[in-house]
Structures are given as structure tokens and as C-alpha cells.
Amino acid sequence: MINRIFKYCLIAALCLQMQAVFSQNTGGTIGTEIIFVAERNTTPSYRVTENPVIIDTVIPLPSFTYPMLPKSYESQIVLAPITPSRIKIVDKLEKLYPGYVKLGLGNYTMPYGEVYYNAQRNRKFNYGVHANHLSSFGAIKDYAPSQFDQTKAKLFGDFFLKNHTLNTQFDYKNFGYHYYGLQNDSIPKDSLKNRVAAYNANVRFYNTPSRDSAKLLYNGYADYQYFHEFKKDTFPTSSNNARENTINFGSNFKYKYQENIFALDIDFLLNYYKFGEGDTSVALQYRKKTRNNIFSLKPTVTTFQFKDKLKVEAGLDLNFDFNGTKIFKPVPIIKAQFDLLKGILIPYVGIDGDLTQNSFDKLNQANPYIVSSVDILNQKTFSVYGGLKGSISKFISYNVMVHTSKFSDMALFVNDTVFSDMYRFDVVYDNISVIGLKGSITFQQEEKLKVDAYTELNRYSAEFEKYAWHLPDLVIGLRGAYNMFDKIYIKADVSLQGGRKSPGGLFALSPSDDDFKLGFINDINLEGEYRYNKRLSAFIQFNNLASQRYYRWYNYPVFRFQVLGGVTFSF
């Protein structure tokens, strides 16, 4: 619309302009003429000879080249060797055989039998029985009859609860032997016999938390044992056989807080020993009726620092010995070790000790040829020690220790002249000091080979006795076990002992140094087993390969070379 109006206005203006032109007067000349005289310079013109061309808008890009510098860094790759893993793939659990029998026979008319029977896999309980018997009907040349028999049996049951475990066990043993420490082989074999038996029952209850390690761990136990000698055939109605009842019960607690472990042990040890009480045939000074009770309280704290490199344990072993002349017998406990070189070098020091309850059973186990009338005193031990231990490699470990120890009321055995003609032993107590050096080194290659050697050097000093009777100044041992293709198993051990002192010199009219020497022990044993399959195998044992008739106790030589062989069977 606006464009149309604009066109109309432009046409009208042009018409008016044309009208004005045609209306002028053309008859005369009207105007003014002005003439200028000037010099005008004109620039000459030139013809452009170039033809127009179309410039292409595509501009070619230049190509650039960058030369590569011939310099490079030479790198090296070092690969650490990795021991290949051994994986045994088992499709299903191996079959378990609940029964096991081992039967054998050796020289000196020595039968041997052993039987196991266990429950198979069960998540709620486990039970079993184990019994063995070893006896000998042989003799030692020029000595009184030395026949013996040893029978032991054990019945156990374990019950696994949700967070607790209950262990129960009943033990029985019956040992018969002869006092053969007389150089007279014409003595009737039943004239010097003795037999002891023990019945033991114990129960243990403890918690087993599966996840939280910071929970309180606790353990409670109770133990009862009756041990006795059988009555002598010559005095069937008297009480001239030793008997004792032992009751032990207690508990221990452990709690871990951060890097510390707090522990507390509480023990009550009760012992009641009797011999010849009310028997007028026994002299009054030899009648025994002893109550030997101990209460022990042992709090300790163990801490780990510097990423578990430093381990320190401190505490007190507070003992109340109601049978001794001194009731309260505390023992400090301080132990420390520091890992210097990632398990290769671990120095350690410590102050330690304890109070060990003695009983007629323990004394009889140490030396079965003791008299029936003995005094019962408890042994207190105090030790200061220091040493080095560690693992040189994954196969070799070692331990070297030097110590000084004091044993108060240590039991020693001296030949008796009251109840026997020196073929039985009386128990004497002495305070023994010892300075010693111990060392051991172990080599173990998985389950194939294990060898360990150990040695002890001790210097004993007795307060009342002339020597620490029967204790060795030098002990050297070597043990080894080898598994060949899970078919052949070989075990060997060598035990050397020297420097033992014999109480025989006490009974000599003019004793010399040789009268107090008990002789050197060179005991070498070897055992081999061939497993035909998982159920059947054969074994053979060689004892005292050097065939040395050394003396374990004064007047008591051991059997010379012994061999025992047999078979085992699983069912």
C-alpha cells in the first residue's frame, strides 16, 4: 500500500515539472553569459588491457612436514619370579574311615597294640575312643626281672553349639613294672613288682565368636583324678599303698582393645595325698596325709606397637601355696620382642616363672621307681633370659637363648635305703641354680621334609645336695622326618646327653669322681612306614641302634637294641 502511494506521488511531481517547462517564454533571449579564461589540464586516459578473470575461492593449503628426531630412551623390564601355585582340585570330600588299628611285635617279646575309633564328619558333635597297650616279657642280662606293661585308654566327646564348644574326656591308665635295679637275675619276677592306675575326668567350656574379634573370650574347666598304687599282696588289708585325689578348676579371660590384649587366669589346684595312715606296720615318720592346695591369679597385658613389630607382655603371677612354708609366692612377668628385619632377626628378653604343683602321680611319671612315702612340695621357677630368633628363609628358622634360672624345691631322686636295698628312690628337694645356653635350627620344606637340631649347655649348682642328680650338662639332639611320594614315611632322631651325676657315690666308702658319673647317653632311633593304600600300611621301628646299655637312673640300665614291626589298618 505504501509503495503504491509512493509511486502516485512521484508521477504527480513529474507532471508538474513538465508543465513548468512548457510555460516559459521562448520569444527573446533573457539570461546572462559569463565567460572565464582559464587553463584546464586533463589527465590522459589509458586503456586497461587486462581481461577480467574469476578468482577461485578454494585456496590450496600448503603441506607441512615435521622430521622425527632420531632420539629414544632405552627402557628395561625386570620381572620378579613368582612361585607357581599348586592347586588340588577335589570334586568331593575324601572318605573318612572311623576306625584305625595298629598291631606290632618286637624283640624282648614285646607286643604292641593301638586302636582308634572316631565319629565321622558332623557339625554338631564329635566323639571317639583311643586305647593302646605296650608290654615286654624280656629281661636285662644280670639284672632282676624287668617285665612291664602299659595300658592307656581315652574316651572323649565334643559338642559344638552356636557360639560355644563343650569338650569332655575320660582317661584311664594302668602301668605294671618291676623294681629291677638289682644285679641279681635269680630273684622271682613277682617279688619286686608294682602297679599303679589313674582315673581322670575333665570338662572344658569356652566361647567361639565367629566375627567380632573384640568380644570377650572366656574359658572354664574342671578336672578330677584319682591315682593310686595297688595294694601289695603281702599286706592286702593295710593302707601301705599311696593314693591321691586331685581336683583342678578355673577359668581364663581374654579381651582385645585396639592394639592391646588383656588376659586373666584364675586357677584352683587341690591335692590330697595319703600313704600308710593308720597302719601300725609303717613307722610314724613315713605315714603321709598331705593336703597340697594352690590358688593362682595371673593378670597380664600384651601390647603390639609399630605395626606389630614390637610385642610387650607384662603382668604378675600371684600364687598362694598353702602347703609351703611361705604361702605367698609372686612371680613377675615381663616379656618383649622386636622384629628388626621382617622376621629374619627378632631379639627378645624376658623375666618369667611360675609355681608348679607337684603330686605323687607327677613324681611317679618322672621316676616310676620311687618309694610310696614321699614329701610333696611345689616347685617355684624364676628365669631371666634373652636371645635371638627368626626365619632366614621360608624353609629355615632358628632360636638362640641364654638364661639364668632358679628352681626352688626342685625334686631330685636319690637311691633309697629304708624301704629297699637301693633299688627304689627317695624324693629330695633342693634349690637349684642354673646358667644355660639353648639353641635350635629347623628346616622344613612343606610337608615333605623336616629336620631340626637343638642343643643345651647347662651349669647346675645345688644348695644342699652335692650335685643336681641325673640332670645333664650337655644335650644334643637331631630329628628328621621325610615323606616320599605319600607312600614311604621315614623318621629318625638322635639324642646325646652328657655330664649327668649319679648319687651312687654317696654310698661308696671312699668315693671318687668316677663314682658320681652316670655315663654318656647315645640314643639313636629310626622308624619307617610304607602305606600300601589309604587303609593298609606296614611299619618298623629300631630303637637304641647303638645297642648301648646306658643308665636312665642309677642302677637302672635300659634295653639294648630293640626292633618292633607290624601293620596298620583303617576301617
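About the cut-offs
Residues numbered from 1 in each chain as written. Predicted model: local features only at pLDDT ≥ 70, side-chain atom pairs only at ≥ 80, totals over all residues. Heavy atoms only, no water. Helix = DSSP H or I, 4+ residues; strand = E, 2+ residues; numbered from the N terminus. Contact = heavy atoms within 4.5 Å. Salt bridge = Lys/Arg side-chain N within 4 Å of Asp/Glu carboxyl O. Buried < 20%, exposed > 50% of the residue type's maximum accessible area, 1.4 Å probe, protein only. Core = buried A, V, L, I, M, F, W, Y, C linked by side-chain atoms within 4.5 Å. Pairing = 2+ DSSP bridges. Phe/Tyr/Trp six-rings, centres within 6.5 Å; stacked < 30°, edge-to-face > 60°. Lys NZ or Arg CZ within 6 Å of the ring centre and 35° of its normal.

Novice: How would you summarise the overall build of the protein chain if you had to cite specific residues and measurements?
Specialist: Scanning the protein chain for helices and strands turns up 2 helices and 24 strands. Of the contacts formed within the protein chain by residues at least 6 apart in sequence, a portion of 58% connects residues at least 24 apart.

Novice: Give a detailed account of the pattern of salt bridges, specifying residues and quantitative values.
Specialist: For the coordinates displayed, the defined rule picks out 9 salt bridges. Put simply, aspartate 375 and lysine 288 hold a salt bridge, and the shortest N to O gap is 2.7 Å. Separated by 87 residues along the polypeptide, aspartate 375 in the loop between α2 (360-366) and β14 (379-391) and lysine 288 in strand β10 (residues 288-305) bring together distant segments of the chain. Its relative accessible area of 42% is what places aspartate 375 among the partly exposed residues. Assessed through its relative accessible area of 13%, lysine 288 is described here as buried.

Novice: Outline unusual backbone geometry, supporting the account with residue identities and numerical values.
Specialist: A positive phi is found at phenylalanine 306, a non-glycine position, where the angle reads about 55°. Among the structural elements, phenylalanine 306 can be located in the loop between β10 and β11 (310-321). Even without a glycine there, the phi angle at glutamate 446 is positive, about 50°. With respect to the secondary-structure elements, glutamate 446 resides in the loop between β16 (425-445) and β17 (449-462).

Novice: Talk me through the nonpolar core; I want residue IDs and the actual numbers.
Specialist: Formed by 34 residues in total, the largest nonpolar core has its most connected members in Leu363, Tyr369, Val374, Val427 and Tyr556. Among the secondary structure elements, those contributing two or more residues to this core are β5 (164-178), β6 (193-207), β9 (260-275), α2, β15 (396-415) and β16. Top element by residues in this core is β16. It accounts for 3 residues. What leucine 363 contacts, discounting residues up to four positions off in sequence, is Asn358, Ile370, Val374, Asp375, Ile376, Ala411, Phe413, Val427 and Tyr429. Within the second largest apolar cluster, 10 residues are counted, among which are Val414, Val428, Val434 and Trp469.

Novice: Mind laying out the pairing of β14, listing which residues take part and the relevant values?
Specialist: Bridge count between strand β13 (residues 346-356) and β14: 11 bridges; the pairing is antiparallel. Bridge assignment links threonine 356 to a residue of β14, and that residue is glutamine 379. Hairpin connection, β14 to β15: the antiparallel pair is bridged by 4 residues.

Novice: I'd like to hear about the pairing of strand β18 (residues 474-484), residue by residue, with values.
Specialist: Two strands pair when backbone bridges link them, and β17 and β18 are joined in this way by 9 bridges, in the antiparallel orientation. Note on β18: the bridge partner recorded for glutamate 456 is valine 475. Strand direction decides the pairing type here: β18 and strand β19 (residues 488-498), joined by 11 bridges, are antiparallel. Bridging across to β19, leucine 478 finds its partner in valine 494. Linking β18 to β19, which pair antiparallel, is a turn of 3 residues; within it phenylalanine 485 sits at a positive phi near 60°.

Novice: Could you give me a rundown of the packing of aromatic side chains, with the residues and numbers involved?
Specialist: Counted according to the given criterion, the structure contains 30 aromatic pairs. The interplanar angle of 75° and the centroid separation of 6.4 Å between the aromatic rings of phenylalanine 306 and phenylalanine 338 together place this pair among those described as edge-to-face. In this pair, phenylalanine 306 sits in the loop between β10 and β11 while phenylalanine 338 sits in strand β12 (residues 328-338), placing the two residues 32 residues apart along the sequence. In this structure phenylalanine 306 comes out as exposed when scored by relative accessible area, which is 58%. Taken together, the ring pairs in this structure connect Tyr177, Tyr179, Tyr180, Tyr369, Phe413, Tyr423, Phe425, Trp553 and Tyr556 into an aromatic cluster. Of note, arginine 291 hangs over the ring of tyrosine 272, and the distance from its end group to the ring centre comes to 4.3 Å. Above the ring of tyrosine 467, the side-chain terminus of lysine 501 is found at 5.0 Å from the ring centroid.

Novice: Outline the side chain of serine 146, listing residues and values.
Specialist: Among the structural elements, serine 146 can be located in the loop between β3 (125-136) and β4 (148-160). Serine 146 sits in the buried class, given a relative accessible area of 5%. Aside from chain neighbours lying at most four places away, what touches serine 146 is Gly138, Ala139, Ile140, His178, Tyr180 and Phe559.

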